[in-house]
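Below are the chains, spelled out letter by letter.
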Amino acid sequence: MEKTPGGSYGARVPRGKLLRKLMESMARVQIAMYRRSGGARLSRMMGFPVVLLTTLGARSGKLRTTPIGGFADGEDAWLVVASLAGAAQHPAWFINMVQNPDDIWLEVGKRKVKAKAELLQGADRQAALGRVVAISARYGSYQEKTDREIPVVRLTPAA
């Protein structure tokens, strides 16, 4: 899997140590909530299906778990969109995935699997993004906010 180029403009992503600590605390609560409810409660709150994605940090070398939108794509595959709400840069989990493709885990409900990632391109990407937007329309507006091509990744259980 290859990292696609970042953009020159996009939605503003707030930064700073205090905000990062707050976001990390919120993520811990969301992860605990997800695991207690098998994903149902967090998915209802967010308004779209949520999965937990665990990657190995590109710089830190530590495992990082992120609650993200995860959309079923057939019997045993899921789509995740590296939108970061239309920001110019890729989300950290996507960078981690590119740098450490053998260290990806996906939790869907109570099931946790080691995953293989495939970056979708061209018509496959467009079709997959269309399926995601049909479930959660907000994903359709993110591409309009940035000039980077927002990656769409298909995750399947690793063999």
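A brief structural summary. (Residues numbered from 1 in each chain as written. Predicted model: local features only at pLDDT ≥ 70, side-chain atom pairs only at ≥ 80, totals over all residues. Heavy atoms only, no water.)

### Quick look at the overall build of the protein
The secondary structure content of the protein amounts to 5 helices and 7 strands. Its helices and strands in sequence order give the protein the pattern α-α-β-β-β-β-α-β-β-α-α-β, from N to C terminus. Relative to the compact-globule value of 15 Å for 159 residues, the protein shows a C-alpha radius of gyration of 15 Å, a close match. By principal-axis analysis of the C-alpha atoms, the protein measures approximately 40 × 40 × 30 Å. For the protein, buried positions account for 40% of its 159 residues. (Helix = DSSP H or I, 4+ residues; strand = E, 2+ residues; numbered from the N terminus. Rg over C-alpha atoms; globule rule 2.2 N^0.38 Å. Buried < 20%, exposed > 50% of the residue type's maximum accessible area, 1.4 Å probe, protein only.)

### Digging into the sheet that holds strand S7 (residues 152-157)
If you walk across this open sheet you meet the 7 strands as S2-S1-S5-S6-S7-S4-S3, and the pairing is antiparallel. Only two strands of the sheet have a single partner each, and these edge strands are strand S2 (63-69) and strand S3 (71-72). Where strand S1 (residues 50-56) lies against strand S5 (residues 104-108), 4 bridges are found, and the strand directions are antiparallel. Within S5, the residue paired with Thr55 across the bridge is Ile104. Sitting on the sheet, helix H3 (residues 92-99) touches S1, S2, strand S4 (78-81), S5, strand S6 (111-119) and S7, and the angle it makes with S1 is about 50°. On top of the sheet, helix H4 (residues 122-135) reaches S3, S4 and S7; it is set at about 90° to S4, its chief contact. (Pairing = 2+ DSSP bridges. Contact = heavy atoms within 4.5 Å. Axes fitted to C-alpha atoms, helices over the stretch in contact; angles between N-to-C directions.)

### Remarks on H3
Among the residues making up H3, those that are buried are Trp93, Phe94, Asn96, Met97 and Val98. Buried residues along H3 sit in contact with S1, S2, S4, S5, S6 and S7.

### Considerations on the packing of aromatic side chains
What the rule picks out here adds up to 5 aromatic pairs. Through pairs of rings, three or more aromatic residues link up here, namely Phe48, Phe71, Tyr139 and Tyr142. (Phe/Tyr/Trp six-rings, centres within 6.5 Å; stacked < 30°, edge-to-face > 60°.)

### Some thoughts on the nonpolar core
Judged by nonpolar contacts, the single largest core of 36 residues is most densely connected at Leu53, Trp93, Met97, Leu106, Val153 and Leu155. If we ignore the near neighbours within four places in the chain, the residues touching Leu106 are Val51, Leu52, Leu53, Trp78, Arg111, Lys112, Val113, Ala115 and Leu155. (Core = buried A, V, L, I, M, F, W, Y, C linked by side-chain atoms within 4.5 Å.)

### What about unusual backbone geometry?
For Leu84, which is not glycine, the phi torsion reads 45° and is therefore positive. At Ala85, a residue that is not glycine, the phi angle is positive and equals roughly 60°. Note that Ala85 resides in the loop between S4 and H3. Judged by relative accessible area, which is 34%, Ala85 ranks as partly exposed.

### Some remarks on the pairing of S4
Of the two faces of S4, the one lined by Trp78 and Val80 and the one lined by Leu79 and Val81 are each fully buried. Note: S3 against S4, 2 bridges, orientation antiparallel. Bridge assignment links Phe71 to a residue of S4, and that residue is Leu79. If you look at the hairpin formed by S3 and S4, you'll find 5 residues sitting between the two strands, and Gly74 has a positive phi there, around 90°. Relative to S7, S4 runs antiparallel, the two being bridged by 4 bridges.

### Looking at the pattern of salt bridges
The tally for this structure, following the rule as stated, stands at 7 salt bridges. Between Asp73 and Arg154 there is a salt bridge whose closest N-O contact spans 2.8 Å. Note that Asp73 is positioned in the loop between S3 and S4 and Arg154 in strand S7, a separation of 81 residues in sequence. Arg154 shares its class with Asp73; the two are buried. For the salt bridge of Asp76 with Arg111, the shortest nitrogen-to-oxygen distance reads 2.8 Å. Here Asp76 is found in the loop between S3 and S4, whereas its partner Arg111 is found in strand S6, with 35 residues between them in sequence. On the basis of relative accessible area, Arg111 is assigned to the partly exposed category, the value being 38%. (Salt bridge = Lys/Arg side-chain N within 4 Å of Asp/Glu carboxyl O.)

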